[in-house]
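Coordinate inspection notes
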Amino acid sequence: MTHTILSDLKTCILVSTHDRYEDVARFTVKQIERQWRGHPAIYLCGLSKPRDPKDLILRRDGADWIGILLDAVETLREKGFQLVYLVLDDHPPMGRCSENILNDVLPATIMDLQGANICLFGSGQGREVTGKLVHSAGVSLEQLPNAELWRYSLHPGLWSLNQLNALLIKLDQQLVSLDSRNAWTFERFSGTEITSNG
């Protein structure tokens, strides 16, 4: 009997967007459907007028990216998902995705290593490797040190929903002004201890 880890671990895809970029987000969804055979369920968050059953309900100001993502993550956890591929609306796949790697290898790896995130951008990419290399399921990954300034990138990546939820709760409590609750602030502060009230 053949089964994939994807179904065992309840993995989904979440595309984060805003009303102004809905067309870009819908293009990204089409590209995922075209380029990733056997992809998990795709959800969108951030739209004030959902047009599809997979569009999650917007319960906050459209400019509150951190709050919108927190609501979406909590909804996906309630649906029983454990892992999520988080994709920003302007990051469509432009070539064929490796179904086996995305559906089986990376979910097994993140669970085995009890990791928070596996960034699909990869390590290196023109910069020196500063973290420890860890190995699982035939994959070598760079474990970024806690002191890494940009520890959590928003390039497409696989996240543990529990760990992403905990991270977003921390940011939700500490970044109170609306202008600080955006994707750029998430990248800048998610891997650090925040000392101001944003």
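Here goes a summary of the coordinates provided. In this text, all values refer to a predicted model and were calculated from it rather than measured experimentally.

Here the focus is helix 4 (residues 99-113). Compared with the 21 Å implied by 1.5 Å per residue over 15 residues, the 21 Å span of helix 4 between its first and last C-alpha is a close match. Of all the bends found along helix 4, the most pronounced is centred on valine 105 and spans about 35°, while proline 107, a proline, follows it within four residues. Here helix 4 has its buried residues at Leu102, Asn103, Asp104, Val105, Leu106, Pro107, Thr109 and Ile110. Where helix 4 terminates, the next one or two residues include glutamine 114, which has phi positive at roughly 55°.

Turning our eyes to something else, we now look at the packing of aromatic side chains. If you walk through the whole model with that rule in mind, you get 4 aromatic pairs. A centroid spacing of 5.8 Å and a plane angle of 70° characterise the contact between tyrosine 43 and phenylalanine 81, whose relative ring orientation is edge-to-face. Within this pair, whereas tyrosine 43 is found in strand 2 (residues 42-45), its partner phenylalanine 81 is found in the loop between helix 3 (65-78) and strand 3 (83-88), the two being separated by 38 residues in sequence. Across this residue pair, the class does not change: tyrosine 43 and phenylalanine 81 are buried. Through pairs of rings, three or more aromatic residues link up here, namely Trp65, Trp159 and Phe186. Across the ring face of phenylalanine 81, the terminal group of lysine 10 is positioned such that the distance to the ring centre comes to 4.8 Å.

Parameters at a glance
Residues numbered from 1 in each chain as written. Predicted model: local features only at pLDDT ≥ 70, side-chain atom pairs only at ≥ 80, totals over all residues. Heavy atoms only, no water. Helix = DSSP H or I, 4+ residues; strand = E, 2+ residues; numbered from the N terminus. Expected span 1.5 Å × (residues − 1). Bend = angle between axes of the 7 residues up to and from the residue. Buried < 20%, exposed > 50% of the residue type's maximum accessible area, 1.4 Å probe, protein only. Phe/Tyr/Trp six-rings, centres within 6.5 Å; stacked < 30°, edge-to-face > 60°. Lys NZ or Arg CZ within 6 Å of the ring centre and 35° of its normal.

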